[in-house]
2 protein chains.
Amino acid sequence: MPTRALARSVQLPKKLLWRFLKSKDCSVKVSDLYAMKFKATATAEDITGEVKNSEHFRYAEETKLAWDEGRLSADITEEQRKLQEADLVIFQFPMYWFTVPAILKGWFDRVLTLGFAYTKEKRYSNGIFKKTKALLSFTTGSQETMFSPTGINGDMNVTLWPLQNGILHYCGFQVLAPQIFWAPADATPEGRSAMLAAWNTRLQGLLDEKPLFYAPMDCFDCESFQLKPESVEKCVKEFGPTAGTHCGKPLPLITR
Amino acid sequence: MPTRALARSVQLPKKLLWRFLKSKDCSVKVSDLYAMKFKATATAEDITGEVKNSEHFRYAEETKLAWDEGRLSADITEEQRKLQEADLVIFQFPMYWFTVPAILKGWFDRVLTLGFAYTKEKRYSNGIFKKTKALLSFTTGSQETMFSPTGINGDMNVTLWPLQNGILHYCGFQVLAPQIFWAPADATPEGRSAMLAAWNTRLQGLLDEKPLFYAPMDCFDCESFQLKPESVEKCVKEFGPTAGTHCGKPLPLITR
């Protein structure tokens, strides 16, 4: 579900990706959010017909009901349909303020509705999209050295936690390691070509990659959603990039 | 700059806050983003008149130029004016998908423009808003136990890093500890009253609170923006909630 890249330099990863996927006989659907003028703000207008409680409007509950009854707005329904058909979802965006641009945040807020994308029972490793792979592919304004455990912007692992764990893994997606294009606007043409060549190489084996590790649901107490005492060591040992559930231990480094 | 809280229960912190600030003879400006139908998506329409390079449009550079020449759209200019006049900025929102709702992300994307809110020279502890305090005040859907170093949603410290360090501190703001209203929708009326009472107590001393610690700019090498070797120990020792620049050490706990 790529957003329109705002700078021409970051259009290239999308073109490359498209060519690659087509060459593999993949069916490719693109949601170009800027071109679609995708509505970013979650409001009661996302529901066709009456809402249950307009005075005390609760977005999650109201959209759950509307989804049950087929009364979500057409733009949301269309995106949900694409998502259900996908085996792999690539979110292509320029990083804005350490996360996705508002238009893509709006896609998450509006498309990943309660009932459709998650329920209290179906989330994380029991999540609805557990058969689907997803990855974040993005360009940065900062150089790579700034985003490290000793860099001023901090560990990229930490920056991506809310997106990768909190959104993608929460809905069950198998999260592949992020594809990061470091500061292409400041790179030489050769530097940009090298970035694309690396992406092209990665693409050859992308679908066989092992997803990032997150502690499975059965490691957590089903009341408090805290790691069970017997699971702490196991999870620390198998620690992938779970920057959030770190158990007070030093965070692992990104391995890609 | 509170957003309109979507559930009535989360309107209460705002009313309480308003009454408190008025009683202290503060001048209070509210930006109710939903009521304003605030435009969330950053586009070329945010600039009045010609853009410099429409074919290869770069938002940061184009808005910098427009800001220099007084050609940013009226809604952005108005929010920038409020921000310049403020001593304290409180962002009140319901947490959506581990961060702010898209409409507030759009406020960050569009209002905090290059030149106005930051430059390469003026950021972090040298940031433009270094005399202004800011804090995130928000409601969650999850219980507190889920957001811990052993919880399934992970350490709240990590979740807030992109917002607190990457947006607020990046622009220089003195970031006060977050005010978190845990799962008010699932709380009893007494539980909600207790949350408000705690906020009211905190408000009495809010302006005297010590901001969160972030390593100052002179601890970083001015080329790579990595901590200078001699600064690592100092920063680890003084470690506040800098989940990102963790130097491979265990993360500190939130102390509030």
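Note that the structure is predicted; figures quoted are calculated from it, not measured. (Residues numbered from 1 in each chain as written. Chains lettered and ligands numbered in written order. Predicted model: local features only at pLDDT ≥ 70, side-chain atom pairs only at ≥ 80, totals over all residues. Heavy atoms only, no water.)

J.: Just checking my understanding: could you explain helix α3 (residues 74-85) of chain B for this structure?
T.: Working note: α-helix, 3.6 residues per turn, so residues spaced by three or four point in the same direction. Residues and elements named next belong to chain B. For α3, built from 12 residues, the straight-helix expectation of 16 Å at 1.5 Å per residue is met to within 8% by its first-to-last C-alpha distance of 17 Å. Looking only at α3, the buried set comprises I76, E79, Q80, K82 and L83. Seen along its axis, α3 keeps its buried residues to an arc of 160 degrees; they face one direction. Away from the buried face of α3 by more than 90 degrees, exposed residues A74 and Q84 are located. In the core, the buried residues of α3 are packed alongside α2 (59-68), β1 (88-94) and α4 (102-111). (Helix = DSSP H or I, 4+ residues; strand = E, 2+ residues; numbered from the N terminus. Expected span 1.5 Å × (residues − 1). Buried < 20%, exposed > 50% of the residue type's maximum accessible area, 1.4 Å probe, protein only. Arc of directions from axis to C-beta. Contact = heavy atoms within 4.5 Å.)

J.: What am I meant to see in the relation of the copies chain B and chain A here?
T.: These two copies of the chain differ by a rotation about an axis and a displacement along the same axis. With an RMSD of 0.0 Å, chain B superimposes on chain A once it is rotated by 180 degrees and translated 0.0 Å along the axis. When the rotation and shift are considered jointly, the pair of chain copies conforms to a two-fold rotation axis. Residue P250 of chain B of chain B places its C-alpha closer to the rotation axis than any other residue of that unit, at 2.1 Å. With an isologous cut-off of 70% or more, the 100% of interface residues of chain B that recur at the interface of chain A puts this contact in the isologous class. (Least-squares fit on C-alpha atoms with pLDDT ≥ 70 in both.)

J.: Just checking my understanding: could you explain the interface of chain B and chain A for this structure?
T.: Interfaces are often described in size by the accessible area the parts lose on coming together. Listed per partner, the contact involves 67 residues of chain B and 67 residues of chain A. Taken together, chain B and chain A are joined by zero salt bridges. At the boundary of chain B and chain A, one finds 31 residue pairs in polar contact (both at pLDDT 80 or more). Mapped onto the side of chain B that touches chain A, the elements with two or more residues apiece are α4 and α5 (156-168) of chain B. Ranked by the residues each element gives to the side of chain B that touches chain A, the list is headed by α5 of chain B, at seven residues. Class assignment of the residues belonging to the side of chain B that touches chain A gives a composition of 37 nonpolar, 20 polar and 10 charged. (Salt bridge = Lys/Arg side-chain N within 4 Å of Asp/Glu carboxyl O. Polar contact = N/O pair within 3.5 Å; in protein donor to acceptor, adjacent residues only side chain to side chain. Nonpolar A, V, L, I, M, F, W, Y, C, P; charged D, E, K, R; others polar.)

J.: In this structure, what is going on with the pattern of salt bridges? I would like to understand it.
T.: Close approach of charged atoms lets side chains of opposite charge pair. Overall, the coordinates contain 24 salt bridges over all chains when judged by the stated rule. D46 of chain A serves as the salt-bridge partner of R110 of chain A, at 3.0 Å between the closest nitrogen and oxygen. Here R110 of chain A is found in helix α4 (residues 102-111), whereas its partner D46 of chain A is found in the loop between α1 (12-23) and α2 (59-68), with 64 residues between them in sequence. Assigned by exposure class, R110 of chain A and D46 of chain A land together as buried. For the salt bridge of R58 of chain B with E61 of chain B, the shortest nitrogen-to-oxygen distance reads 3.4 Å. Owing to a relative accessible area of 29%, R58 of chain B belongs among the partly exposed residues under this scheme. One connected set of salt bridges, linked through shared partners, spans K29, E78, R81 and E85 of chain A.

J.: Can you walk me through the pairing of β1 of chain B in this structure?
T.: Looking along a regular strand, one sees side chains alternate from face to face of the sheet. Residue and element names in this part refer to chain B. The buried fraction of β1 is high, at seven of seven residues. Residues L88, I90, Q92 and P94 line one face of β1 and the alternating positions V89, F91 and F93 line the opposite face, and both faces are buried. Relative to strand β2 (residues 133-139), β1 runs parallel, the two being bridged by seven bridges. Looking at β2, one finds that Q92 is bridged to S137. At this point the chain moves from β1, through α4, to the parallel β2, and the crossover so formed is right-handed. (Pairing = 2+ DSSP bridges. Right-handed = clockwise from strand over helix to strand, strands pointing away.)

J.: It is not clear to me how the packing of aromatic side chains should be interpreted in this structure. Could you clarify?
T.: Given two aromatic rings, one states the distance between the centres and the angle between the planes to describe the pair. Counted by the stated rule, this structure contains 36 aromatic pairs over all chains. When the centroid spacing of 5.4 Å and the interplanar angle of 55 degrees are considered together, the rings of F98 of chain A and F147 of chain A count as tilted. You can see F98 of chain A sitting in the loop between β1 (88-94) and α4 and its partner F147 of chain A sitting in the loop between β2 (133-139) and α5 (156-168), a full 49 residues away along the chain. When its relative accessible area of 7% is taken as the criterion, F147 of chain A is described as buried. Plain terms: the ring middles of Y124 of chain B and Y170 of chain B are 5.0 Å apart, the flat faces sit at 70 degrees to each other, and that makes the pair edge-to-face. (Phe/Tyr/Trp six-rings, centres within 6.5 Å; stacked < 30°, edge-to-face > 60°.)

J.: Just checking my understanding: could you explain the UniProt feature "domain: Flavodoxin-like fold" (unreviewed entry) in chain A for this structure?
T.: Mapped onto this structure's residue numbering, the UniProt feature "domain: Flavodoxin-like fold" (unreviewed entry) falls at residues 21-202 of chain A. Between the C-alpha atoms that bound residues 21-202 of chain A the distance is 13 Å, and the span itself is 34% helix and 10% strand. (UniProt positions renumbered as here; feature names shortened; annotations may be inferred.)

J.: Just to check I follow, could you spell out unusual backbone geometry for this structure?
T.: It is generally the case that most residues other than glycine have a negative phi and that most peptide bonds are trans. Of note in the backbone geometry, K37 of chain A takes a positive phi value of approximately 50 degrees without being a glycine. Summarising the element assignment, K37 of chain A is placed in the loop between α1 and α2. K37 of chain A gets classed as exposed once you look at its relative accessible area, which sits at 72%. Of note in the backbone geometry, Y124 of chain B takes a positive phi value of approximately 50 degrees without being a glycine. Residue position: Y124 of chain B is located in the loop between α4 and β2. Its relative accessible area of 1% is what places Y124 of chain B among the buried residues.

J.: Just checking my understanding: could you explain the environment of E45 of chain A for this structure?
T.: Take E45 of chain A: it is sitting in the loop between α1 and α2. Separated by 3.0 Å, the side chains of E45 of chain A and T43 of chain A make a polar contact.

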